[in-house]
Amino acid sequence: MKEEFDIQEYMTRGVERVVSDAVRATLKNPKESVYMARFALASKSASKKRKKAEREGEHIPPFLIASITSQCNLHCIGCYSRCNNATTDDNPIEQLSADDWARIFDEADDMGVSFILLAGGEPMMRYDVIEAASKKPDILFPIFTNGTFVTDKYYELLDKSRNLIPIISIEGGKEITERRRGEGVYDKLDTSMSEFKRRGLIFGSSITVTTENIEEVFSESFITGLSGKGCKAIIYVEYVPVTDDAKELAPQDKEREFMKTEILRLRQTHPEMVFISFPGDEKNSGGCVAAGRGFFHINSHGGAEPCPFSPYSDINVRDTSLREAMNSRLFRELRDGGYLLEEHAGGCTLFKRRDDVERIMAGK
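What counts, and where the lines are drawn
Residues numbered from 1 in each chain as written. Predicted model: local features only at pLDDT ≥ 70, side-chain atom pairs only at ≥ 80, totals over all residues. Heavy atoms only, no water. Helix = DSSP H or I, 4+ residues; strand = E, 2+ residues; numbered from the N terminus. Buried < 20%, exposed > 50% of the residue type's maximum accessible area, 1.4 Å probe, protein only. Contact = heavy atoms within 4.5 Å. Areas by Shrake-Rupley, 256 points an atom, 1.4 Å probe, with all protein chains shown as cover. Axes fitted to C-alpha atoms, helices over the stretch in contact; angles between N-to-C directions. Parallel < 35°, antiparallel > 145°, perpendicular 65-115°, else oblique. Left-handed = near helix turned anticlockwise from the far one by under 90°. Nonpolar A, V, L, I, M, F, W, Y, C, P; charged D, E, K, R; others polar. Patch = residues over 30% accessible without salt bridge, like charges linked within 9 Å, V, L, I, M, F, W, Y side chains within 5 Å. Salt bridge = Lys/Arg side-chain N within 4 Å of Asp/Glu carboxyl O. Lys, Arg positive; Asp, Glu negative; His and termini not counted. Charge placed at Lys NZ, Arg CZ, Asp CG, Glu CD.

### Let's talk about the overall build of the protein chain
And then number 1: When helices and strands are tallied, the protein chain shows 15 helices and 9 strands.
And then number 2: Relative to its 364 residues, the protein chain shows a buried fraction of 57%.
And then number 3: Put simply, of all contacts in the protein chain between residues at least 6 apart along the chain, 72% involve residues at least 24 apart.
And then number 4: Just so you have it, the protein chain exposes about 16400 Å², and 51% of that area is on carbon and sulfur atoms.

### Describing unusual backbone geometry
And then number 1: Gly120 connects to Gly121 through a cis peptide bond whose omega is 10°.
And then number 2: With respect to the element layout, Gly121 can be found in the loop between β2 (115–119) and α5 (127–134).
And then number 3: Positioned with a positive phi, Ala291 is a non-glycine residue whose angle comes to about 55°.
And then number 4: Structurally, Ala291 can be placed in the loop between β7 (274–278) and β8 (297–298).

### Here's the deal with the packing of helix α6 (residues 152–160) against helix α8 (residues 185–199)
And then number 1: Two numbers describe how α6 lies on α8: the axes approach to 11 Å, and their chain directions differ by 40°. One finds that α6 runs oblique with respect to α8. Crossing of α6 against α8: the hand is right-handed. Along its contact with α6, which presents Asp152, Tyr155 and Leu158, the element α8 presents Ser192, Glu195, Phe196 and Arg199.
And then number 2: Counted by class, the contact of α6 with α8 contains 3 nonpolar, 1 polar and 3 charged residues.

### Here's the deal with the environment of Lys52
And then number 1: Secondary-structure assignment places Lys52 in helix α2 (residues 30–55).
And then number 2: Classification of Lys52 by relative accessible area gives partly exposed; the value is 44%.
And then number 3: Sequence-wise, Lys52 and Gly112 are 60 residues apart; in three dimensions their C-alpha atoms are separated by 10.0 Å.

### Let's talk about a positive patch on the surface
And then number 1: Among the surface-exposed residues, Lys44, Lys48, Lys51 and Arg55 lie close enough to one another that they form a single positively charged patch.
And then number 2: In this structure, Lys48 sits in helix α2.

### Points about the packing of helix α13 (residues 329–336) against helix α15 (residues 354–361)
And then number 1: The contact between α13 and α15 brings their axes to 10 Å, and the two run at 130°. On the basis of the axis angle, α13 is oblique to α15. Along this stretch, α13 crosses α15, giving a crossing that reads as right-handed. Across from Arg329, Leu330, Glu333 and Leu334 in α13, the residues of α15 making contact are Val357, Ile360 and Met361.
And then number 2: In terms of residue class, the contact of α13 with α15 is made up of 5 nonpolar, no polar and 2 charged.

### A word on the environment of Met125
And then number 1: As for its position among the elements, Met125 is in the loop between β2 and α5.
And then number 2: Measuring from C-alpha to C-alpha, the distance between Met125 and Cys72 comes to 7.9 Å, with 53 residues separating the pair along the chain.
And then number 3: With near-sequence residues (within four places) excluded, Met125 lies in contact with Gln71, Cys72, Asn73, Phe149 and Tyr154.

### Let's talk about the pattern of salt bridges
And then number 1: Within the structure shown, the criterion is met by 27 salt bridges.
And then number 2: A salt bridge links Arg38 to Asp138; the nearest nitrogen and oxygen atoms lie 3.7 Å apart. Of this pair, Arg38 sits in helix α2 while Asp138 is found in the loop between α5 and β3 (141–145), placing the two residues 100 residues apart along the sequence.
And then number 3: Note on Arg38: relative accessible area 45%, which makes it partly exposed.
And then number 4: Between Arg199 and Asp152 there is a salt bridge whose closest N-O contact spans 3.5 Å. Pair noted here: Arg199 is in helix α8 and Asp152 is in helix α6, with a separation of 47 residues, a long-range link.
And then number 5: You can call Arg199 partly exposed: its relative accessible area is 31%.
And then number 6: Overlapping salt bridges, with partners in common, bring together Lys31, Glu32, Asp159 and Arg162 in one network.

Shown next, in the form of structure tokens:
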């Protein structure tokens, strides 16, 4: 008889490993290591809240993804957010306010959420929201940024608030980064990284892995270069095509097996850094962890979505609590209907099953 998969235990172990790696990676940075040691205690307390809720029949995910703005200054080739019309050049007036986000952060803290990933658009265009996040030291806020809006005001805030960790998007070296993100972007990233290191601020990098850059971004020269610049975490995100003409860029079985092997190697050979793969090999996690199993997404207008790659919502946190949003009809049907549990080769389950998601949204 096949043993039933325990998603709560799996996610808790994952959080503990990330926190343990982060403590180890910051040992030579006194300010950061003191904060990480404190956060390790806070994450254990949050884990107890989640376990208590689980015993009472409610599953609380340890992660939340918050797209705090839909505005961005770049036009990266193949951006899923722009292709889904979730990102614009303008500043939309319907966005959640800083007070709205502060309430969401408070509710997440009370529920036992340990990590809130701040995304966009370009999240550093919302200083007011990031300042609100700085006041929740028991939650770690990785900020997924294109690195072009880091100002002295941000350097000062990041120095005071060690729960804010910039995660700078990069595609590899200068040529491949600027091919996707635009001319001059790489030099801006390099300048920001140098300033982070000079000020003793830790940062990470987010890399969208495609068939074009996979060998470069796992190469020893690239990893050693980032480590030398002071990078303490690398988050590898498999490219998810949102148009048919970009499908050839998406990693397949061969590339995913390569990624899995390389991440294990890097964790052994570079203990000074944290390595995370998303979505990674979902067979290890009993299926997709979106829709509240491991995380869910709140867009800039308050819609609660299963995942950034599955931008469908039937409830808005403007009108309800975070807990109610997490248990929306859409989320419940995705979790209870087995849509997240099927075995597959990898990649994004819900993107592949978007017809089913749209059918659920239509109430069919």
